[in-house]
Amino acid sequence: MPINITADNLIYPYFVIEGSGKKQAIKTFPGVYRLSVDAILKDLDILQKLGITRILLFGIPQEKDTQASQAYLAHGPVAQAVYAIKERFAKMTVMTDVCVCAYTTHGHCGLIKPGQTRLDHGATLDALVKMALTHARSGVDFVAPSAMAKRQVVSIRQALDANGFQRTRILGYSAKFASNFYGPFRQAADSGPKFGSRKHYQLRFTRANAALQEIQDDIKEGADIVMVKPALAYLDIVRQVKQEFHFPLAAYNVSGEYAFVKYGAQRGLWDERSMVFEIISAIRRAGADLIITYHAKDIGRWIKE
Ligand code: PBG
């Protein structure tokens, strides 16, 4: 077992859906499910035994519209999940993704005016703030804005403070690349853009240096943790960020990186456990304090063995 990984370095993502007793498999995302709140609570018993204490929730609404209305429901699945989890698992650090791409019919990360194709920045910030406040009211520990909208962190910070949520912290998806590695996630959330691409707001991999500026902006704007996403193709950025800023840093080992490992292991190309340890220890070595990974539960199990 590589010594540089403990359960405390891991964040496990969940996809939350409405209803009860639901566990939906996702075609191209082996071992990952969309779960109703009760099913997540059951799963958390396992997670807790493995010593994993941080989770990240993504909501998947039943219906999408142009305004992302389902993202702000006081009793929507994410709000309910946060509330129920904090009640049953007081020590669990609960984080929620704050972005509307899973909630909009067009699949973009912000709101778009009728007849337009680019994001309406003001309306997008309002939507993200509203969504973050909804999660804060249910008791979330960290909101994680992932829309790559300029000034999203400071806008959310100010709104949280003004509404009495000074203790709600922010995990900024600071340096998020327009990446090919998000495929399985977009299947899970049915959140791929229906036209255009995310290159107007996510970073282009040809301009990786812009990442450092984004990180610096998020730190100035009040982020408590910053993130580089994806992880593997951007380990140089992870390293540079850690060296330059000495700030709590997360890296997102995204769905496509996970799927590579899983499908290769299924085909007998490599040993899954050994491959996962090689990858996760590399992300740690590069400088990530926290790693968001769909492998977290398996790693927790393997560390205990
Ligand atoms: C978008 C978002 C994405 C992921 C999480 N939130 C990427 C995208 O569709 O642009 C991807 C995570 C993964 O692939 O595991 N708000």
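Residues numbered from 1 in each chain as written. Predicted model: local features only at pLDDT ≥ 70, side-chain atom pairs only at ≥ 80, totals over all residues. Heavy atoms only, no water.

Asks: Sorry, what's going on with empty space enclosed by the protein here?
Replies: A water-sized probe, rolled over the atoms, reveals where empty space remains. Tallied over the entire structure, the rule returns three cavities of 30 Å³ or more. Around the largest cavity, the lining is made up of 18 residues, and of these Cys101, Lys176, Tyr182, Phe185 and Lys229 lie nearest the centre. Considering only residue class, the lining of the largest cavity consists of nine nonpolar, four polar and five charged. (1 Å grid on protein atoms, 1.4 Å probe; cavity = no way out; pocket = protein on both sides within 12 Å on 5 of 7 lines; lining within 4 Å. Points joined across faces, edges and corners; volume = space filled by probe spheres on them. Nonpolar A, V, L, I, M, F, W, Y, C, P; charged D, E, K, R; others polar.)

Asks: Whenever I open this one, the layout of surface pockets confuses me. Can you help?
Replies: Of the volumes computed, that of the largest pocket is approximately 440 Å³. Taken together, 23 residues make up the lining of the largest pocket; nearest its centre are Met148, Lys150, His200, Tyr201 and Glu214. For the lining of the largest pocket, the elements supplying multiple residues, two or more each, are α3 (121–137) and α6 (210–221). In the lining of the largest pocket, the residues fall into seven nonpolar, six polar and ten charged. The space that makes up the second largest pocket amounts to roughly 320 Å³. Looking at the second largest pocket, it is lined by 21 residues, and the ones nearest its centre are Lys23, Tyr33, Leu35, Asp43 and Lys297. Elements represented by at least two residues in the lining of the second largest pocket include exactly β1 (10–17), β3 (33–36), α1 (37–49), α8 (255–266) and α10 (296–304). Looking at side-chain class alone, the lining of the second largest pocket contains ten nonpolar, two polar and nine charged residues. (Helix = DSSP H or I, 4+ residues; strand = E, 2+ residues; numbered from the N terminus.)

Asks: Quick question: what am I supposed to make of the site of the ligand here?
Replies: If you check the shell around the ligand, you find 16 residues, and the closest are Arg186, Arg198, Lys229, Ser255 and Tyr294. Here Gln202 contributes a side-chain N or O atom positioned 2.8 Å from an oxygen atom of the ligand. One of the side-chain N or O atoms of Lys229 is found 3.4 Å from a nitrogen atom in the ligand. Burial of the ligand by the protein amounts to 100% of the accessible area it has alone, namely 400 Å². According to the grid-proximity analysis, the pocket containing the ligand is the largest cavity. (Near = heavy atom within 4 Å. Polar contact = N/O pair within 3.5 Å; in protein donor to acceptor, adjacent residues only side chain to side chain. Areas by Shrake-Rupley, 256 points an atom, 1.4 Å probe, with all protein chains shown as cover. Sits in = over half its atoms within 2 Å of the grid points.)

Asks: Mind showing me how you'd approach α6 here?
Replies: Owing to its 3.6 residues per turn, the α-helix brings residues three or four apart onto one side. A rise of 1.5 Å per residue sets the reference length of α6, with its twelve residues, at 16 Å; its end C-alpha atoms lie 17 Å apart and thus fit the reference within 8%. Residues of α6 that are buried: Ala210, Ala211, Leu212, Glu214, Ile215, Asp218 and Glu221. Lining the buried residues of α6 we find α4 (152–162), β7 (169–176), β8 (225–229) and α7 (235–245). Trailing α6 by a residue or two, Gly222 shows a phi angle of about 110 degrees, which is positive. (Expected span 1.5 Å × (residues − 1). Buried < 20%, exposed > 50% of the residue type's maximum accessible area, 1.4 Å probe, protein only. Contact = heavy atoms within 4.5 Å.)

Asks: Could you clarify how one ought to interpret the packing of helix α9 (residues 272–286) against α10 in this entry?
Replies: Any two packed helices are characterised by the angle at which their axes cross and by the distance between the axes. Where α9 contacts α10, the two axes come as close as 11 Å, and the packing angle between them is 100 degrees. Between α9 and α10, the crossing angle belongs to the class labelled roughly perpendicular. Residues Glu272, Arg273, Val276, Phe277 and Ile280 of α9 pack against Asp298, Ile299, Trp302 and Ile303 of α10. Considering only residue class, the contact of α9 with α10 consists of six nonpolar, no polar and three charged. (Axes fitted to C-alpha atoms, helices over the stretch in contact; angles between N-to-C directions. Parallel < 35°, antiparallel > 145°, perpendicular 65-115°, else oblique.)

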